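Observations on chain architecture
Here's the letter readout for the chains.
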Amino acid sequence: MDENKKVKFLSLGLVRGIVFQVIGSLAGMGFVMLIRLLMGLPAWNAEPVWVGGTFVGVFTFLIGVGAFSDWFKWAKGEETSDHIEADPSQPKWAKYYNISYDHKVIGIQYGVTSIILLGMAGTFAMIFRTELAAAKLQFLDLGLFNSLIGLHGIVMIAAILLGIGAMSNYLVPLMIGASDMAFPRLNAFAYWLNAPSALLVVISLFLGGFDTGWTAYPPLSARAPLGMQMFFLGVYVIGLSSILGSLNIIVTVIRMRAPGMNYFRMPIFVWASVATSIISLTATQLIALSFQMVMFQRLFGMGFFDPANGGNVVLFQHLFWFYSHPAVYVFILPGLGMISELLPVFSRKPLFGYKWIAVSSMAIALVGFFVWAHHMFTAGMEEYLRVPFMYSTMLVAVPTGVKFFSWVGTLWRGKITFPTPMLFTLGAVSVFLLGGLTGPPNATVATDLHLHDTYWIVGHFHATMFGGFMFPFFAAFYYWYPKITGRMYSEKLGKLHFWLMFPAFYVQSLWQMYIGLLGMRRRIGDYDPALNFDNSHLVITIAGFTIFVSVLIFIYNLIKSAKQGEVAESNPWNSRSPEWQLPTPIPEHNYTDHPFKVTGEPYDYGLEGSTYITMSDK
Amino acid sequence: MSTADIRSEYKYKLGTNRLGLWLFLVSDAFFFGGLLVSRFYLMGYTRPHLEQTLGLIVTAVLLVSSFFMNRAETAMAHGDQKTFLQGTLITLVLGVGFLIGVVGVEWQLAPFGPNDGAHGALFYMMTGMHAFHVLTGVIFLAIVYRNGRKGLYTAEKHWAVEACATYWHFIDVVWIFFYPALYLIGTVVG
Ligand SMILES: [Cu+2]
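Since the structure is predicted, the reported quantities are computational estimates derived from the model, not experimental observations. (Residues numbered from 1 in each chain as written. Chains lettered and ligands numbered in written order. Predicted model: local features only at pLDDT ≥ 70, side-chain atom pairs only at ≥ 80, totals over all residues. Heavy atoms only, no water.)

Observations regarding the overall build of chain A
A tally of regular secondary structure across chain A gives 19 helices and two strands. Relative to a compact globule of 618 residues, whose C-alpha radius of gyration would be 25 Å, chain A shows 24 Å and is just as compact. If one aligns the C-alpha atoms of chain A with their principal axes, the spans along those axes are about 70 × 60 × 45 Å. Counting only residues that meet the buried cut, chain A has 60% of its 618 residues in that class. Sequence-distant contacts, at least 24 apart, represent 79% of the contacts inside chain A between residues at least 6 apart. Carbon and sulfur atoms make up 68% of the accessible area of chain A, which totals about 23900 Å². (Helix = DSSP H or I, 4+ residues; strand = E, 2+ residues; numbered from the N terminus. Rg over C-alpha atoms; globule rule 2.2 N^0.38 Å. Buried < 20%, exposed > 50% of the residue type's maximum accessible area, 1.4 Å probe, protein only. Contact = heavy atoms within 4.5 Å. Areas by Shrake-Rupley, 256 points an atom, 1.4 Å probe, with all protein chains shown as cover.)

Comments concerning the overall build of chain B
When its secondary structure is counted, chain B shows six helices and two strands. Counted from the first residue to the last, chain B has its helices and strands arranged as α-α-β-α-α-α-α-β. For chain B, with 190 residues in total, the buried portion stands at 51%. Sequence-distant contacts in chain B: of pairs separated by 6 or more residues, those separated by 24 or more amount to 81%.

A closer look at the domain arrangement of chain A
Residue and element names in this part refer to chain A. With domains assigned, chain A is organised as domain 1 (10-74 + 95-99) and domain 2 (100-615). Computed over C-alpha atoms only, the centres of domain 1 and domain 2 are separated by 30 Å. Every contact between the two is made by 24 residues of domain 1 and, on the other side, 24 residues of domain 2. Taken over both partners, the interface formed by domain 1 and domain 2 buries close to 2200 Å², and the fraction arising from carbon and sulfur atoms is 79%. Taken together, the connections running from domain 1 to domain 2 amount to two salt bridges. The residue R298 makes a salt bridge to E47 at a minimum N-O spacing of 2.8 Å. Across the domain 1-domain 2 interface, the total number found is eight residue pairs in polar contact (both at pLDDT 80 or more). (Domains from an automatic or database assignment. Buried area = accessible area lost by both parts, 1.4 Å probe. Salt bridge = Lys/Arg side-chain N within 4 Å of Asp/Glu carboxyl O. Polar contact = N/O pair within 3.5 Å; in protein donor to acceptor, adjacent residues only side chain to side chain.)

Some points on the coordination of the copper ion
Residues and elements named next belong to chain A. Protein coordination at the copper ion: the donors are H325 (ND1), H374 (NE2) and H375 (NE2), at 1.7 to 2.0 Å from the metal. The sequence pattern describing where the donors of the copper ion fall on their chain is H-x48-H-H. Of this pair, H325 sits in helix α10 (residues 313-347) while H374 sits in the loop between α11 (354-367) and α12 (386-395), placing them 49 residues apart in sequence. Overall, H325 belongs to the buried group, its relative accessible area being 7%. (Donors = N, O, S within 2.8 Å, 3.2 Å for Na, K, Ca; no water.)

Focus on the pattern of salt bridges
Residues and elements named next belong to chain A. In the structure shown here, the tally under the stated rule is seven salt bridges over all chains. Linking R185 and D70 is a salt bridge whose minimum nitrogen-to-oxygen distance equals 2.8 Å. Here R185, found in helix α6 (residues 184-203), pairs with D70, found in helix α3 (residues 69-75); they are 115 residues apart in sequence, far enough to count as distant. When its relative accessible area of 10% is taken as the criterion, D70 is described as buried. For R522, the salt bridge goes to D453, with nearest N and O atoms at 3.9 Å. One end of the pair, R522, is in the loop between α18 (491-517) and α19 (534-564); the other, D453, is in the loop between α16 (445-451) and α17 (455-485), with 69 residues separating them in the sequence. Classification of D453 by relative accessible area gives partly exposed; the value is 25%.

Some thoughts on empty space enclosed by the protein
Residue and element names in this part refer to chain A. Across all of its chains, the model carries two cavities of 30 Å³ or more by this definition. Approximately 240 Å³ is the volume attributed to the largest cavity. Elements supplying a minimum of two residues to the lining of the largest cavity: α5 (142-176), α8 (227-255), α9 (268-300) and α10. Of the pockets and cavities examined, the second largest cavity occupies roughly 40 Å³. If you go around the second largest cavity, the residues you meet are P267, E341, S575, R576, S577, P602, Y603, Y605 and Y612. Residue composition of the lining of the second largest cavity, by class: five nonpolar, two polar and two charged. (1 Å grid on protein atoms, 1.4 Å probe; cavity = no way out; pocket = protein on both sides within 12 Å on 5 of 7 lines; lining within 4 Å. Points joined across faces, edges and corners; volume = space filled by probe spheres on them. Nonpolar A, V, L, I, M, F, W, Y, C, P; charged D, E, K, R; others polar.)

A closer look at the confidence of the model for chain B
Per-residue confidence for chain B gives a mean pLDDT of 93, with 98% of residues at or over 70. In the model output, the complex is listed with pTM 0.94 alongside ipTM 0.94. (pLDDT = per-residue confidence, 0-100.)

Here's the deal with the packing of aromatic side chains
Residue and element names in this part refer to chain A. Taken as a whole and judged by the stated rule, the model has 69 aromatic pairs over all chains. Arranged with centres 6.2 Å apart and planes meeting at 50°, the rings of F304 and F305 form a pair that is tilted. When the ring of F404 is compared with that of F432, the centres are 6.0 Å apart and the planes differ by 10°; the resulting orientation is stacked. Here F432 lies in helix α14 (residues 420-437) and F404 lies in helix α13 (residues 397-411), a separation of 28 residues in the sequence. We note that F404, like F432, is buried. K355 extends its terminal NZ or CZ atom over the ring of F264, reaching a point 4.9 Å from the ring centre. (Phe/Tyr/Trp six-rings, centres within 6.5 Å; stacked < 30°, edge-to-face > 60°. Lys NZ or Arg CZ within 6 Å of the ring centre and 35° of its normal.)

A short note on the environment of A:G565
Residue and element names in this part refer to chain A. Relative to the assigned elements, G565 resides in the loop between α19 and β1 (596-598). When its relative accessible area of 12% is taken as the criterion, G565 is described as buried. Taking the C-alpha atoms as reference points, G565 and M488, 77 residues apart in sequence, are found 5.2 Å from one another.

Observations regarding the packing of α17(A) against α18(A)
Residue and element names in this part refer to chain A. One way to put it is that α17 packs onto α18 with a least axis distance of 7 Å and a crossing angle of 165°. Looking at the two axes, α17 sits roughly antiparallel to α18. Judged by the twist between their axes, the crossing of α17 over α18 is left-handed. Residues Y455, W456, V458, G459, H460, H462, A463, F466, F471, F474 and Y478 of α17 form the contact with α18, whose own contacting residues are G494, H497, F498, M501, F502, F505, S509, Q512, M513, I515, G516 and L517. In the contact of α17 with α18, the residues fall into 15 nonpolar, eight polar and no charged. (Axes fitted to C-alpha atoms, helices over the stretch in contact; angles between N-to-C directions. Parallel < 35°, antiparallel > 145°, perpendicular 65-115°, else oblique. Left-handed = near helix turned anticlockwise from the far one by under 90°.)

Section: the interface of chain A and chain B
One frequently used descriptor of interface size is the decrease in accessible area upon assembly of the parts. Each partner contributes residues to the interface: chain A has 40 residues there, and chain B has 36 residues. Summed over both sides, the interface of chain A with chain B buries roughly 3100 Å², with 67% coming from carbon and sulfur. Between chain A and chain B we count zero salt bridges in total. On the surface where chain A and chain B come into contact, there are nine residue pairs in polar contact (both at pLDDT 80 or more). At the level of secondary structure, the elements contributing two or more residues to the side of chain A that touches chain B comprise α3, α8, α9 and α10 of chain A. Counting residues per element, the side of chain A that touches chain B draws most heavily on α9(A), at nine residues.

Examining the side chain of A:H460
All names here are of chain A. Relative to the helices and strands, H460 resides in helix α17. Judged by relative accessible area, which is 15%, H460 ranks as buried. A polar contact is formed between the side chain of H460 and the side chain of T438, at a distance of 3.0 Å. H460 has contacts with G435, T438, G439, N442 and M513, leaving out every residue within four places of it along the chain.

Here it is, written out as structure tokens:
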């Protein structure tokens, strides 16, 4: 029935957006050339024309997809509805390709986009890992190698930000008992900003690439190929999305909670989401500023980071890391919240120290603002800053330790079961421990001088990202899959995914740290065979491919089970969280027909007679 | 009354909107804060050579505009349509005057360009980003003025007016930090 409806291809928002983006970019380019002519300059100069044109293109994409429509109507003084009626001539799935104000649709849009970017970034990694499997250059040239590592980094970061968007958009309103986000239009707008900007980042590969890695330090980034500008512009817009999305989360949590849902009775993931959002809301402005300054240095000759023109390259690093260190906590806090969310369900025990966990997320976010210069110990930064930043960085271990203590306390004497989401949760705890324990040596100035820019850092960082984001993200996908699709994923494939990824990750990470300690520098396409790192690199590459294959199995599982999986019960995990008390599929306006009151503590699993919420069906 | 009904009331939404706007301004403040930090990091106790009289005039114009903005908003809250429209229009004109003063005059008079050292880069970046915000504020004012003339706002329901006013004051406050940072603090170079 539904599937047989003819899709009018051009009427899909995504397609219309891309068409508008192309047209808008071309028009923007023409406009810049016109201005240049009026200023008496030669019309064509690749850099300003491309930057100006594609910047316009981002906004025409949003106009094309319809993200501005309601706001234009407001400007004209017209009223609009908070819900977009789906076009009845289109099949049901079309809503995911169109603009929608429903936070559940937007959450899924975020999630699918995240997985696509994840696959893309993983593919980049596989390409340069293959190159690295043996010493000397085999099939990449150094420029392409550099572009690929930079793209792997930044596309992964985009994928992670979108993955967080997926979890927080889908889950936060459901968990606090809201019918939607506080600002549904802004929510859709923030999501759709990512599509044109992701295109820009990828286009950089075809405009000369960029050889700086994802950190884009000047002076190199000030003279890298044109691709660098597309990278800057793309990240700039993704940053805007992140700011607006987090603003929405904070307001939603403050204003849209169900009756009785006071702050210390919210599901713990909500706390993590808010902590993350506080960082994204504020610190993102600084990476935007730093990137804008390099862009303008290239476009207008402004000398911010040009020592020959009054500038200072260290300033860039201060601005950049003021976001990019806390950004790491943006990536991991939702994941750590997810661990705290799932452990009690599968241990059938109360979450140990709820308040401490909630406050520790906030503490990590807060301390995270004062540690950025630990990335700059070797950068020629003012020397007196080193020791204070060393101590502030060490301080992060305290609230993080609180979390580990609580996780162990929650598991202690629990009735533990091990379905796929629980495996990934436990994997996350284990891998994040590896990432956490390998952190202090980098924070200590004396050891960091040796470890800086080696594979040790690569191993450490990937452990924090896998433990803090990837494993919990997969856990969340498996866990909510039955609620979202109404069907159960394949447990067999899920376990296979875990048992491939978990050991492979340990091998990859430990081996990276090992050769890092022996002196393997990061971001090197070609290394000296005399170092004897060939075999180690081969091992890392094989481990990397194993992880890649396991993620493909995950994607296959998601797609296949959506059609052929067993029909799931409405609360297969016996969760106490409000969203599981709703029927599957979740009604369009969530709790409007199923209002509830919070009558007890959220995580009193196994305590007889305890309730969390009392739902009254209208 | 059910929770859902209370939430869909104008009054509740107004509170939500206010919080959202203030958070946006907090976020934006970090951008301007970053610019200020960069200014002191690169220029220390020096400042660019600028027209002092002009600086004083544009600053006065912007401060006075905030007064009229406040007058317009208060008038709307009391349902005084005429004073509201008058205040909005004056604010708009003063805003445009500020833009002309900074971009149209000061940028032309300055004896340096954006590519002349740290002071050139920072002066044009700081005034440029601020002027961009003033421009968006002026557009916002124009929309409010047009819709105000159509009589779309009432004493009870005028969130757009309030948002416009709050945003305009924010731009003004930013300039209160930028003006001394560029015109007053330090010894003149360039
Ligand atoms: Cu850091």
